[in-house]
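Geometric and topological summary
The primary structure of each chain is shown beneath.
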Amino acid sequence: MNPADNVAVVANDGGLREGTTVDGLALRHHVPQAHKVALAPLSAGDPVRRYGAVIGYAKESIPAGGLVNETNLELPHAPSLESLTFAGRAAKAVEPLNGYAFRGFRNDDGSVGTRNILAITNTVQCVSGIVGHAVERIRCELLPRFPHVDDVVALDHTYGCGVAIDAPGAAIPIRTLHNIARNPNFAGLTMVVSLGCEKLQPSMLFPETFDTLPDISKPASDPAGLVILQDESHVGFEAMIGSILQTSERQLTLLDRRRRKRCPASDLVVGLQCGGSDSLSGVTANPALGHAADLVVRAGGTVIFSEVTEVRDGIDQLIRRAASPEIAAELARQMEWYDHYLSCGQSDRSANTTPGNKKGGLSNVVEKALGSIAKSGSMPINGVIPPGERAQGSGLLFAATPASDFICGTLQLAAGMNVHVFTTGQGTPYGLAEVPVVKVASRSELAKRWHDLMDIDAGRIVSAGQTIESMGQSMFEKMLAIASGERTCAERLGLHNQLALFNPGPVT
Ligand code: CA
């Protein structure tokens, strides 16, 4: 990956057998695909370099051609946040890229949806069963009458009551729910179902819409799209379902008037994530996605990358790319917050890697982080989004989220993404109902085996000699096609995950 490296990664499907000679180097063991082999003899304590960076120290002597993995690699300390300095160099100039567009749904606030969805959020999980039932009825009985509406989705979650609602940590799940309801795919027409007695009152979740405590003597179906189940007019279950259906019919009528129009690529808000990563993620899928991210930024669009524990070990690289000293300081502040959060749980960033990561050749979180950061491309970092906040401005933004796929995706929805791109090495059927998720395989073997689950085979960079740049270009074009309405594999199969809120606050 870099001339300074003293390990290399076996890219071949099925790995390479013991005794295979590559460029004069004889392998001492069978080396599985995506695993590392020492290019030169290493003594105990020697730094092991990949991507030109130290990913760890040899625990014992390792011969040239020997396997390097988590058993013989010592984890280095995370870069100290105090020692990080912002060079203050002028940010890299962004060369504009013109002429790319997609067909999206323009909203009154200027944002652009890539899908036309009726969303129904709630203020507390108590109402989930009722909302779930209502959504099924809406889908069967109402949706066929509104052909320009793509779907109806319950924004189900486990928050709203039984929590310390005034604790500092509560701000994150509350603003996440608030901002998810404002995702561009919902056109500002998200419905709200409340129970009535919960801690998270509609006026707390949407202070701009509901400025007072709910008046349970008001009609059950509120003009602002609010239905309160404890409303006195609700006599029994069918009355509640009737109120939700009545309100949803009005919202569907409004949504059905939306039409796709030509929008410049600058209206893309692309959320990037990886999950089930392997060692080839940092060789194929993530660098190609990084090239695609550069194209989106050059076209004036917004790219959001995330996953604090997967950038923590490369924070020095990110600080150098900050567009201003304020952004550099905010990056460091978000890392510090997360270090503290993990230490309160008696843990640290080394808790990130999974058994599948290790099986896929990722020895530790440092190696994982360096591969993960590759998907952010090379553009200046133009802003930092605290967890649950909506993105401000355009260009490359860092959203400070956990690396957990479901939590990161939920927070990127709140940030306002309208396309999600997800890279994987081991494979995951991850999907979201709210925003299209383009799935990228890091290996051709996975892309072939999961032929109907993977949208892009980035393994072709290894298996077919395709360049990172040409793969990145086709990823960018795929984003525009998906944004224009082409369905993803997960959409065709109807696969999606539940939303998962990040709640660092206490439960009562
Ligand atoms: Ca992830």
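Residues numbered from 1 in each chain as written. Predicted model: local features only at pLDDT ≥ 70, side-chain atom pairs only at ≥ 80, totals over all residues. Heavy atoms only, no water.

**Thoughts on helix α10 (residues 405-415)**
In terms of burial, α10 is a largely internal element, ten of the eleven residues being buried. Every buried residue of α10 is accounted for by D405, I407, C408, G409, T410, L411, Q412, L413, A414 and A415. On its buried side, α10 packs onto α2 (171-180), β16 (269-274), β17 (302-305), β18 (381-385) and β20 (419-424). G416 occupies a position one or two residues after α10 and carries a positive phi of about 100°. (Buried < 20%, exposed > 50% of the residue type's maximum accessible area, 1.4 Å probe, protein only. Helix = DSSP H or I, 4+ residues; strand = E, 2+ residues; numbered from the N terminus. Contact = heavy atoms within 4.5 Å.)

**Topic: the packing of aromatic side chains**
Counted according to the given criterion, the structure contains ten aromatic pairs. Pairing W337 with Y338 gives two aromatic rings, centres 6.1 Å apart and planes at 55°, and the pair type is tilted. Here Y338 falls in the buried class, since its relative accessible area comes to 8%. Ring geometry for Y338 versus F502: centroids 6.4 Å apart, planes at 25°, classification stacked. (Phe/Tyr/Trp six-rings, centres within 6.5 Å; stacked < 30°, edge-to-face > 60°.)

**Points about helix α13 (residues 468-483)**
Given 3.6 residues per helical turn, the α-helix brings residues three or four places apart onto the same face. The terminal C-alpha atoms of α13 lie 22 Å apart, and with 16 residues this matches the ideal 22 Å at 1.5 Å per residue to within 8%. Residues of α13 that are buried: M471, G472, M475, F476, M479, L480, I482 and A483. Looking one or two residues past α13, G485 carries a phi angle of roughly 120°, positive in sign. (Expected span 1.5 Å × (residues − 1).)

**Some details on the nonpolar core**
Residues L268, L331, F398, V421, M475 and F476 are the most contacted members of the largest nonpolar core, which totals 59 residues. Tallying contributions element by element places helix α5 (residues 285-298) first for this core, with eight residues. Filtering out sequence-adjacent residues up to four positions away, M475 remains in contact with A285, A288, L289, A292, V440, I456 and A458. Listed in part, the 26 residues of the second largest apolar core include L118, L142, L195 and L255. (Core = buried A, V, L, I, M, F, W, Y, C linked by side-chain atoms within 4.5 Å.)

**As for the packing of α2 against α10**
Between α2 and α10, the shortest axis-to-axis distance is 7 Å and the interhelical angle comes to 60°. Classified by the interaxial angle, the pair formed by α2 and α10 is oblique. In the packing of α2 onto α10, the handedness of the crossing is left-handed. Side by side, α2 and α10 meet where T176, N179 and I180 of the first sit next to T410, L411, L413 and A414 of the second. In the contact of α2 with α10, the residues fall into four nonpolar, three polar and no charged. (Axes fitted to C-alpha atoms, helices over the stretch in contact; angles between N-to-C directions. Parallel < 35°, antiparallel > 145°, perpendicular 65-115°, else oblique. Left-handed = near helix turned anticlockwise from the far one by under 90°. Nonpolar A, V, L, I, M, F, W, Y, C, P; charged D, E, K, R; others polar.)

**Here we look at unusual backbone geometry**
Of note, A34 is a non-glycine position whose phi angle comes to about 80°, a positive value. Topologically, A34 is positioned in the loop between β3 (25-26) and β4 (36-38). Here A34 falls in the buried class, since its relative accessible area comes to 1%. Unusually for a residue other than glycine, E307 sits at a positive phi of about 75°. Residue classification places E307 among the buried positions, given a relative accessible area of 0%.

**Focus: the confidence of the model for the protein chain**
In low-pLDDT regions, the fine details of the predicted coordinates are not to be read closely. Across the protein chain, pLDDT averages 94, with 97% of residues at or above 70. Predicted confidence for residues 216-221 stays below pLDDT 50, and this span has 16 contacts to residues more than four positions away or in other chains. (pLDDT = per-residue confidence, 0-100.)

**Quick word on the coordination of the calcium ion**
Summarising the metal site, the calcium ion is bound by the protein donors Q273 (OE1), C274 (O), E307 (OE), A403 (O) and D405 (OD), whose distances to it range over 2.3 to 2.6 Å. Linear spacing of the donor residues for the calcium ion on their chain is Q-C-x32-E-x95-A-x1-D. Placement of the pair is Q273 in strand β16 and E307 in the loop between β17 and α6 (315-321), with a sequence separation of 34 residues. E307 matches Q273 in its accessibility class, with the two residues each being buried. (Donors = N, O, S within 2.8 Å, 3.2 Å for Na, K, Ca; no water.)

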